[in-house]
Amino acid sequence: MQYFKIYNTLSGKKEIFRSINPNIVTMYVCGPTVYGEPHLGHARPALTFDILFRYLKHLGYKVRYVRNITDVGHLLNDADEGGDKIGEKAKALKLEPMEVANFYTKKYHESLYKLNIENPSIEPLASGHIIEQIEMIKKIIDNGFGYEVNGSVYFDVVKYNESNDYGILSRRKIEDLMDSSRHLDGQSDKKNKVDFALWKKASSEHIMRWPSPWGDGFPGWHLECSAMSCKYLGEEFDIHGGGMDLVFPHHEAEIAQCCAANNNKGAKYWMHNNMITISGQKMGKSLGNFITLDEFFNGSHDKLDQAYHPMVIRFFLLQAHYRSTIDFSNTALQSAEKGLIRLFNAIKILNKLKPKEKSTVDISPFSSKCDLAMNDDMNTPIVLSYLFDLVKIINSTYEGKQDLSIKDINELKKLFEKYTVSIFGLCNSEEDSDPTDVEGIMSIILELRQNSKEKKDWEIADKIRDRLNNLNIEIKDTKDGTSWSYKK
RNA sequence: GGUCGGAUGGCCGAGUGGCUAGGCAGUGGUCUGCAAAACCAUCUACACCGGUUCGAAUCCGGUUCCGACCUCCA
C-alpha cells in the first residue's frame, strides 16, 4: 500500500495525506488579484495545484477545488493609505473597476486554458462575498479579537496571540514582528503595529466601496479567502495552497481569522509552491521583471529569443519540483522544448511498435516507480526521468534493438496515457485538433516518394522532402520505411 | 537587523550515508543515396574548511556567497 505524502508548511514535514472525509478532498488555492496581465508567476501555483487536482482525482477522490479571483481590496501599501490596486488602475484607464477586473480575469482564464489547466470546481469573486466577509468580521468582533476605530475594523493580533499562536504557519514570534515591522508614517488607528485590517473605511475618493455596519468601506487584505473557503468548504477543510510569498502575512492572517471566528484553523494541510526566478531573482510584479504569459506564447518580450508553445511552458515547470525555485532562461526553455518533442515522438512511435512474442526488457517496475515518485510530494521531475528512460526503450525497440510483447506495449500505452496526458496534462494539440486525415494523405505522398527512391530518382525524392519540410513536416528514412512528424 | 531556504557537471534540474537521476548541449561511432531522427558509447559534479563514519555530495560544526519573507506580490 502506497501513501500519498505531501509537504505541510504547518508542520514543516512531509505528511501522509488523509482526507477529513473518506473519498472527498476539499481544497482552496489563492488566485490572482486581477489588475494586470497574467505572468509566468501566476502559472506556477495554477499548474502546481492543477497537478494536485488531477492526481487526487486519479487516486479516486471526489475533489472540490476552490480558487478565488481577488477583485477588491488590497491597498497599494501597508501604511493604511493609498488607493486599492484595481481602483487605481481603473482611474488611470478611466474605466469602471469592474471593467478592469473582468478584463484581466478573462486574460487569466485564456492563458490558463492554453496551458491546459483545468477549471476549479468553484471560482468565487471577492466582490461577490462582501456579506460573508462582513458576517465574519462580526463574529471576530463578538469573540473579542476585533476592534473598530473610525469606521475601520482591525484584528487584534496581540490579544489573539495570548490564547492562540500567531506565527504558527510562518514560524515567527510576535516579539520579533513587533521589533521588525516597518514603522508607519503618521498616526495609525491600529492598537499595535502587527494588527491588520479586517474592514477599511473608504475615503471620499475611493471608488470600490460597500456599505457595512461600520460605514462605507471595503474588506481587508486577508479576509476574502477565510470567508470564501469557509462558505464553500466548511470551517475545516483539507488543503490550502498558494505561492510561498503568501505564507506571511496572508496565510498566517487567514489562520488567525478562522481561529478567531470559528475556533478552527481552517485547512489541515498548507501547501506552497516556490517562486520563479529570473537571473536568480524572484520574478514579480513589484520588481517589474516579469514576463507575461502572452509574451511567452508569442515571443514578444525583449528577453525572449523565440515564442514558446504553452505546452513547453507547462513541461518546463514540471521539470522542477514545485517547492524548488525554477530559474527562467531561454536555453532552459529551449531544452525543455526539445525534450518535450522527444517525449511526444516516442508516444507516437509507441503506437506503431510491432509486438514480438516476448519482451527483452523488463518494464514492470516503471509503473510503481512513477507512482512512488508522485506519492512523494508530487515529484514530477522524477516521474519525467522515468518516462524518459521508457522513451529510450521505445526508441530502441523501434530500431529493432529490443523486443516488446503486446502486453508490455499496452502497459506502456496506459502508463504514458496516465502520466503524460491525464496527470501532467501534456497534450500534443496539433495532432489532436486535426480534422482531416493527414495520416492518409501523408501515406500517399510517402509512397510516391518511395517509388522515386527505388528508381534512384533522388531529385524527386529530395524535392518532396524539402517541400514538406517547408510545411513544417519532417521526413525520416528508417529501415522500416519512412516516417514523418511535425517539426514543432 | 530578525526568520527561513539554497549553493550539484557547459546550461536546466533530481537525489540525500555505499549502487546511474533525467532533459539540453559536447565528443566518438552505428544507420543512411544524402539529410534528419534514432540508437550505442563517452566527457564535464556535488561552494569552502574541519569533524563523525569502514565509507559523505548526502550527517554535524564553522566559513563564504545567493535568495525569499518581514510592505502589495503567485
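Residues numbered from 1 in each chain as written. Chains lettered and ligands numbered in written order. Predicted model: local features only at pLDDT ≥ 70, side-chain atom pairs only at ≥ 80, totals over all residues. Heavy atoms only, no water.

Some words on the pattern of salt bridges
Argument step 1. With the rule as written, the count across this model stands at 22 salt bridges.
Argument step 2. When the shortest N-O distance is used, the salt bridge between Asp403 and Lys356 registers 3.5 Å. Of the two residues, Asp403 is situated in the loop between helix 13 (380-398) and helix 14 (406-423) and Lys356 in the loop between helix 11 (330-350) and helix 12 (364-375); the sequence distance between them amounts to 47 residues.
Argument step 3. With relative accessibility at 22%, the residue Asp403 sits in the partly exposed group.
Argument step 4. Looking at Lys356, the relative accessible area reads 43%, which means it is partly exposed.
Argument step 5. Members of the salt-bridge network, linked through shared partners, are Asp50, Arg54, Lys57, Glu118 and Arg314. (Salt bridge = Lys/Arg side-chain N within 4 Å of Asp/Glu carboxyl O. Helix = DSSP H or I, 4+ residues; strand = E, 2+ residues; numbered from the N terminus. Buried < 20%, exposed > 50% of the residue type's maximum accessible area, 1.4 Å probe, protein only.)

Considerations on the sheet that holds strand 7 (residues 196-201)
Argument step 1. The 4 strands are arranged 5-6-7-8 in an open sheet whose pairing can be described as antiparallel. Only two strands of the sheet have a single neighbouring strand rather than two, namely strand 5 (146-149) and strand 8 (217-219). Across the sheet, the axes of successive neighbouring strands diverge by a mean angle of 20°, strand direction being ignored.
Argument step 2. Bridge analysis of strand 6 (residues 152-155) against strand 7 gives 3 bridges, and the strand direction is antiparallel. Paired with Tyr154 across the strands is Ala197, a residue of strand 7. (Pairing = 2+ DSSP bridges. Axes fitted to C-alpha atoms, helices over the stretch in contact; angles between N-to-C directions.)

Quick notes on the nonpolar core
Argument step 1. One finds Leu56, Phe155, Ile239, Phe296, Tyr419 and Phe424 to be the most contacted residues of the largest nonpolar core, which totals 137 residues.
Argument step 2. The element best represented in this core is helix 1 (residues 40-58), accounting for 10 residues.
Argument step 3. Ignoring sequence-local partners within four residues, the contact set of Phe424 consists of Ile51, Arg314, Leu318, Met374, Thr380, Val383, Leu384 and Tyr419.
Argument step 4. Core analysis: the second largest hydrophobic core is formed by 8 residues, Val438, Leu446, Leu468 and Trp484 among them. (Core = buried A, V, L, I, M, F, W, Y, C linked by side-chain atoms within 4.5 Å. Contact = heavy atoms within 4.5 Å.)

Comments concerning the packing of aromatic side chains
Argument step 1. Using the criterion set out here, one finds 17 aromatic pairs in the structure.
Argument step 2. For the pair Phe17 and Tyr61, a centre-to-centre distance of 5.8 Å together with 80° between the ring planes defines the contact as edge-to-face. You can see Phe17 sitting in the loop between strand 2 (13-16) and strand 3 (24-29) and its partner Tyr61 sitting in the loop between helix 1 and strand 4 (62-67), a full 44 residues away along the chain. For the pair formed by Phe17 and Tyr61, the shared burial category is buried.
Argument step 3. Geometrically, the ring pair formed by Trp199 and Trp214 is tilted, given 6.1 Å between the ring centres and 50° between the ring planes. Of the two residues, Trp199 sits in strand 7 while Trp214 sits in the loop between strand 7 and strand 8, which places them 15 residues apart along the sequence. Residues Trp199 and Trp214 agree in their burial class; the two are buried.
Argument step 4. The residue whose ring lies beneath Lys191 is Tyr147, and the NZ or CZ to ring-centre distance is 4.7 Å.
Argument step 5. In this structure, Lys348 is placed above the aromatic ring of Trp484, and the distance from its NZ or CZ to the ring centre is 4.8 Å. (Phe/Tyr/Trp six-rings, centres within 6.5 Å; stacked < 30°, edge-to-face > 60°. Lys NZ or Arg CZ within 6 Å of the ring centre and 35° of its normal.)

Notes on the domain arrangement of chain A
Argument step 1. Domain parsing of chain A yields domain 1 (5-273), domain 2 (278-431) and domain 3 (434-486).
Argument step 2. Taking only C-alpha atoms into account, the centre of domain 2 sits 27 Å from that of domain 3. (Domains from an automatic or database assignment.)

Some thoughts on the protein's contact with RNA strand B
Argument step 1. As a structural note, the neighbourhood of RNA strand B is formed by 65 residues, with Lys85, Lys282, Met283, Ile382 and Lys401 the closest of them.
Argument step 2. For RNA strand B, the backbone portion of the atoms within 4 Å of the protein, that is sugar and phosphate, comes to 67%.
Argument step 3. Between RNA strand B and the protein, one listed contact pairs a phosphate oxygen with a side-chain N or O atom of Lys338 at 3.3 Å.
Argument step 4. In the environment of RNA strand B, a sugar or linking oxygen lies 2.7 Å from a nitrogen or oxygen atom belonging to the side chain of Lys401.
Argument step 5. Top element by residues in the surface near RNA strand B is helix 13. It accounts for 8 residues.
Argument step 6. A class-by-class count of the residues in the surface near RNA strand B yields 19 nonpolar, 24 polar and 22 charged. (Near = heavy atom within 4 Å. Polar contact = N/O pair within 3.5 Å; in protein donor to acceptor, adjacent residues only side chain to side chain. Nonpolar A, V, L, I, M, F, W, Y, C, P; charged D, E, K, R; others polar.)

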